[in-house]
Amino acid sequence: KQRKVKKRPILHGLCTLGFAVRGVLAYQRQLKRGASTRRREDNAEYDVTYIACRFARPVYVGDAVKVIVWDDDTSRVAANRHEEKRILRFEVLDDASGRVVIKNGVVELSRKALTHLVSSRL
């Protein structure tokens, strides 16, 4: 018994992952915009320090995908007093079928604390 094979080319997994991380960073920027009542240092830029995921299904060229991002409140950890790490989790769905194409996605963001960046000379 032979399976039906789609004739369209498969989108490279790293390209799909790139779209996913772009969605995660957009989510982070959206959180920053909504943080006007928070302290000023909460609005500092984060750097991507770690990415991990599981590619579950192929994505074909021309398919629309949806990135779902959530922030686990327990994931905010101060690694030391000069650096803060934040972990965001994500999944990517095929928009047409609703099937998960990337699962168990993790992006670790970190930033230097502003107190560390201020010069101590007077």
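Our structure's up above, just so we're on the same page.
Heads up: these notes are all about the structure in this document. Here the residue index of a chain counts from 1 through its sequence in written order. The predicted origin of the model limits local features to residues at a pLDDT of at least 70 and limits the giving and counting of side-chain atom pairs to 80 or more, whereas totals for whole chains, interfaces and linings rest on all residues. To get the side-chain values, all heavy atoms of the structure are used, and hydrogens and water are removed first.

Notes on the overall build of the protein chain
- Comment: elements are numbered from the N terminus, with helices defined as DSSP H or I runs of at least four residues and strands as E runs of at least two. Helix and strand content of the protein chain: two helices and five strands.
- Along the protein chain, helices (α) and strands (β) appear in the sequence α-β-β-β-β-β-α when read from the amino end.
- Any residue under 20% of the maximum accessible area for its type is buried, any over 50% is exposed, and the rest in between are partly exposed; the area is computed with a 1.4 Å probe on protein chains only. For the protein chain, the residues scored as buried account for 27% of the 122 residues in total.
- Any pair of residues with heavy atoms lying within 4.5 Å of one another is described as a contacting pair. Partitioning the contacts of the protein chain with sequence separation of at least 6, the portion at a separation of at least 24 is 65%.
- Roughly 9,000 Å² of accessible area belongs to the protein chain as shown, and the carbon and sulfur atoms make up 52% of that amount. Accessibility throughout is a Shrake-Rupley quantity obtained with a 1.4 Å probe, and a residue counts as covered only by protein chains that appear here.

Digging into the side chain of Asp71
- Mapped onto the elements of the fold, Asp71 is located in strand β2 (residues 65–71).
- By relative accessible area, Asp71 is classed as buried at 19%.
- N or O atoms within 3.5 Å of each other form a polar contact, as long as, within protein, one can give a hydrogen and the other can take it, and as long as residues adjacent in sequence are counted only when both atoms are side-chain atoms. At a separation of 2.5 Å, a polar atom in the side chain of Asp71 contacts the side chain of Arg86.
- Aside from chain neighbours lying at most four places away, what touches Asp71 is Tyr27, Leu31, Arg86, Ile87 and Leu88.

Some points on the nonpolar core
- Val24, Val69, Leu88, Phe90, Val92, Val107 and Leu109 are the most contacted members of the largest nonpolar core, which has 14 residues in total.
- Looking at this core, the elements with two or more residues in it are α1 (13–33), β4 (83–94) and β5 (100–112).
- Apart from the residues lying within four places of it in its own chain, the contact partners of Leu88 are Val24, Tyr27, Gln28, Val69, Trp70, Asp71, Gly105, Val106, Val107 and Leu109. Side-chain atoms within 4.5 Å link the members of a nonpolar core, which is a set of buried Ala, Val, Leu, Ile, Met, Phe, Trp, Tyr and Cys residues.

Observations regarding the environment of Asn104
- When you line up the elements, Asn104 lands in strand β5.
- With relative accessibility at 56%, the residue Asn104 sits in the exposed group.
- When the C-alpha atoms of Asn104 and Phe55 are compared, they prove to be 8.9 Å apart, with 49 residues separating the residues in sequence.

Re the side chain of Thr16
- By secondary structure assignment, the location of Thr16 is in helix α1.
- Filtering out sequence-adjacent residues up to four positions away, Thr16 remains in contact with Leu11, Val59 and Ile102.

Concerning the pattern of salt bridges
- Here, a salt bridge means any side-chain nitrogen of Lys or Arg that lies within 4 Å of a carboxyl oxygen of Asp or Glu. For the structure on display, the rule yields three salt bridges.
- The partner of Asp63 in a salt bridge is Arg8, and the shortest N-O contact between them spans 2.9 Å. One end of the pair, Asp63, is in the loop between β1 (47–55) and β2; the other, Arg8, is in the segment before α1, with 55 residues separating them in the sequence.
- Residue Arg86 pairs with Asp71 through a salt bridge whose shortest N-O separation is 2.5 Å. Of this pair, Arg86 sits in strand β4 while Asp71 sits in strand β2, placing them 15 residues apart in sequence.

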